[in-house]
Amino acid sequence: MIDQLTDICLPTIKTGRPTAESKALYQQQLDQFCEHLIKLKSSLDFIPSVRGWCYYLEGLNVITKGQFDTAQRIINACRKAGQLPINICSVDASRSADNVSYYSSDGADVETWSYNKTLSIQYQIENIVANATRNPASDYFPYDWFDFQTCYVELMVEKIDLVGIFRPVCHQYNVAYSNRRGWGDIHSNAALMRRFADWQQRGKQCVLLYCGDHDPAGLHISNLIRKNLSDLSAAVGWSPDDLIIDRFGLNYDFITDNNLTWIDNLETSGKDENGNARHLDDPEHNDFGKPYVKNYIETYGVRKVEANALMSNIAAGRQLCESAIL
């Protein structure tokens with residue numbers, strides 16, 4: 001199989017304004033790259049991560065270490081566009097949702113999934129048969145909680161501590177929850193979208209509740225979440241246009257009312273060329289001039305509250321979560 005992949009190369013396009021000819025050549029290279037990657041997957045007995053694919057391609061002398069970032073970007077872009085199967089890369093289980101409704105199908109086959117009622121019913125039947133051999137009494141669900149609700153709700157948090165705080169409330173109201181550790185990965189976002197598609201087809205208004213840091217990115221999160229999901233629309237076959245995204249915390253009034261701790265900086269991840277921490281209020285920072293950063297600093301100053309601060313008032317945090325769900 002590997003011998004058949006000697007012509008594989010990383011798609012490249014010349015710098016400057018692309019011509020019609022260069023665009024066509026790039027698309028041809030992209031199609032061949034995806035075709036070869038799919039063939040290569042069939043020769044493996046496991047599924048690599050996107051980074052693992054880079055190391056494997058390096059071992060085949062297809063790319064160099066310096067091309068890893070470009071290769072990752074191309075592979076993920078092709079997964080989002082549906083040119084590569086989403087599950088050509090392994091799943092990061094730590095980002096997967098917990099407490100998922102029994103009848104919320106993630107799709108039986110992530111490579112060919114598109115919503116239809118037959119698939120949803122088939123998925124339920126397969127799960128009932130599989131679970132009945134383990135514990136028939138506890139695995140019988142004649143109906144779902146959300147069958148009697150006007151909305152289907154899921155909750156997403158930015159920090160692992162929030163999972164511990166919100167978990168009891170989410171279980172009380174049968175709400176699925178996930179810690180996305182930033183933006184989540186393609187697998188977890190696609191699974192989330194498939195569940196929303198399933199419930200939307202059943203006539204429910206889908207709602208995504210989000211709780212994260214009170215900082216420029218945290219307050220800008222709704223638009224970014226919707227864009228990240230939209231990027232997968234072609235691959236999943238569902239658009240988040242009608243999805244309600246409610247960022248319910250942390251918000252300024254809640255912080256003030258509960259005396260949560262402010263941190264007097266806007267430090268971000270990564271270091272500058274001198275090894276120093278990077279700050280959003282530094283004119284040299286790439287995001288310094290962006291409107292959402294400038295508006296935040298003008299309104300709240302050079303300070304932030306991390307979502308972990310809810311650990312100082314867990315009861316208030318749980319009440320915040322319950323209020324958002326209700």
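See above for the structure.
Keep in mind that what you see is a predicted model, and the values were worked out from it rather than measured. The residue numbers shown here count from 1 along each chain, following its written sequence. Residues qualify for local features only when their pLDDT is at least 70, as the model is predicted, and side-chain atom pairs are given and counted only at 80 or more; totals for whole chains, interfaces and linings, by contrast, use all residues. No hydrogens and no water enter the side-chain calculation; it runs on all heavy atoms of the structure.

Caption draft 1: Inspection of the overall build of the protein at higher detail. The helix and strand tally for the protein stands at 12 helices and six strands. Any pair of residues with heavy atoms lying within 4.5 Å of one another is described as a contacting pair. If you take every contact in the protein between residues at least 6 apart in sequence, the share linking residues at least 24 apart comes to 71%. Accessibility throughout is a Shrake-Rupley quantity obtained with a 1.4 Å probe, and a residue counts as covered only by protein chains that appear here. Here the protein displays about 17200 Å² of accessible surface, and carbon together with sulfur accounts for 49% of that area. Put simply, DSSP H or I for four residues or longer makes a helix, DSSP E for two residues or longer makes a strand, and each gets a number counted from the N terminus.

Caption draft 2: Focus on unusual backbone geometry. Between Gly249 and Leu250 the backbone carries a cis peptide bond, its omega angle lying at -10°. Note on placement: Leu250 falls in the loop between β4 (244–249) and α10 (252–257). Here Asn61, not a glycine, exhibits a phi torsion of approximately 60°, which is positive. Unusually for a residue other than glycine, Asn174 sits at a positive phi of about 60°. On the secondary structure map, Asn174 appears in the loop between α5 (160–172) and β2 (176–179).

Caption draft 3: Fine view of the nonpolar core. As used here, the term nonpolar core means buried Ala, Val, Leu, Ile, Met, Phe, Trp, Tyr and Cys residues forming a set that is joined through side-chain atoms within 4.5 Å. Only protein chains enter the calculation, and the probe is 1.4 Å; a residue is then buried if its accessible area is under 20% of its type maximum, exposed if over 50%, and partly exposed in between. One finds Leu155 and Phe166 to be the most contacted residues of the largest nonpolar core, which totals 57 residues. The leading source of residues in this core is helix α6 (residues 186–201), at seven residues. Listed in part, the 22 residues of the second largest apolar core include Leu37, Leu40, Cys78 and Leu84.

Caption draft 4: Seen up close, the packing of aromatic side chains. Only centres within 6.5 Å qualify two rings of Phe, Tyr or Trp (six-membered ring in Trp) as a pair; their planes then separate them into stacked at under 30 degrees, edge-to-face at over 60, and tilted for everything else. All told, the structure shown has 10 aromatic pairs when counted by the stated rule. Taking the centre distance of 4.8 Å and the plane angle of 70° together, the rings of Phe146 and Tyr152 count as edge-to-face. Summarising the burial analysis for this pair, Phe146 and Tyr152 share the class buried. Ring geometry for Tyr152 against Trp199: centres 5.2 Å apart, planes inclined by 10°, an arrangement best described as stacked. Residue Tyr152 is located in strand β1 (residues 151–157), and its partner Trp199 is located in helix α6; the two are separated by 47 residues in the primary sequence. By the burial criterion, Tyr152 is buried, and Trp199 matches it. Directly above the aromatic system of Trp262 lies the positively charged group of Arg303, at a separation of 3.8 Å from the ring centroid. Two conditions define a charge located above a ring, namely a distance within 6 Å from the ring centre to NZ of Lys or CZ of Arg, and an angle within 35 degrees of the ring normal.

Caption draft 5: How the structure looks around the layout of surface pockets. A cavity here means a set of 1 Å grid points, computed over protein atoms only, where a 1.4 Å probe fits but cannot escape. A pocket is an open set with protein on both sides within 12 Å along at least 5 of 7 lines, and lining residues have an atom within 4 Å of a point. Grid points are joined across faces, edges and corners, and a volume is the space filled by probe spheres set on the points. The calculated volume of the largest pocket comes to roughly 600 Å³. Around the largest pocket, the lining comprises 22 residues; the ones closest to its centre are Glu158, Asp215, Ala217, Thr268 and Ser269. At the level of elements, α7 (216–219), α8 (221–230) and β5 (267–271) are the ones that each hand at least two residues to the lining of the largest pocket. When grouped by side-chain class, the residues that make up the lining of the largest pocket number nine nonpolar, four polar and nine charged. Three classes are used: nonpolar for Ala, Val, Leu, Ile, Met, Phe, Trp, Tyr, Cys and Pro, charged for Asp, Glu, Lys and Arg, and polar for all others, with Gly counted as polar.

Caption draft 6: Representation of the pattern of salt bridges within the structure. A pairing counts as a salt bridge when a side-chain nitrogen of Lys or Arg comes within 4 Å of a carboxyl oxygen of Asp or Glu. Enumeration according to the criterion identifies seven salt bridges in this entry. A salt bridge links Lys39 to Glu35, with the nearest nitrogen and oxygen atoms 3.4 Å apart. Here the residue Lys39 and the residue Glu35 both occupy positions in helix α1 (residues 20–42), the gap between them amounting to four residues, near one helical turn. When its relative accessible area of 30% is taken as the criterion, Lys39 is described as partly exposed. For Asp213, the salt bridge identified is with Lys159, shortest N-O distance 3.1 Å. Of the two residues, Asp213 sits in the loop between β3 (205–211) and α7 while Lys159 sits in the loop between β1 and α5, which places them 54 residues apart along the sequence.

Caption draft 7: Focus on the environment of Asp241. Within the fold, Asp241 resides in the loop between α9 (233–236) and β4. Owing to a relative accessible area of 61%, Asp241 belongs among the exposed residues under this scheme. Along the backbone, Asp241 and Ser230 are 11 residues apart, and their C-alpha atoms lie at a distance of 8.1 Å. Definition of a polar contact: a pair of N or O atoms within 3.5 Å, with one able to donate and the other able to accept a hydrogen when the atoms are protein atoms, and with sequence-neighbouring residues admitted only if both atoms are side-chain atoms. A polar contact is formed between the side chain of Asp241 and the side chain of Ser239, at a distance of 3.0 Å.

Caption draft 8: Layout of the packing of helix α2 (residues 50–59) against helix α3 (residues 68–81). Two elements in contact, α2 and α3, have axes whose closest approach is 9 Å; the angle formed by their N-to-C orientations is 125°. Judged by the angle between their axes, α2 and α3 are oblique. The two elements α2 and α3 meet at a crossing, and its hand is right-handed. Between α2 and α3, the residues in contact are Val50, Arg51, Trp53, Cys54, Tyr55 and Glu58 and Phe68, Asp69, Ala71, Gln72, Ile75 and Asn76, respectively. Grouping the amino acids of the contact of α2 with α3 by side-chain chemistry returns seven nonpolar, two polar and three charged. Helix axes use the C-alpha atoms of the stretch in contact, all axes being lines fitted to C-alpha atoms, and the angles between their N-to-C directions lie in the range 0 to 180 degrees. Working rule for angles: under 35 degrees goes down as roughly parallel, over 145 as roughly antiparallel, 65 to 115 as roughly perpendicular, anything else as oblique. Crossings are assigned a handedness: left-handed for a near helix turned anticlockwise from the far helix by less than a right angle, right-handed for a clockwise turn.

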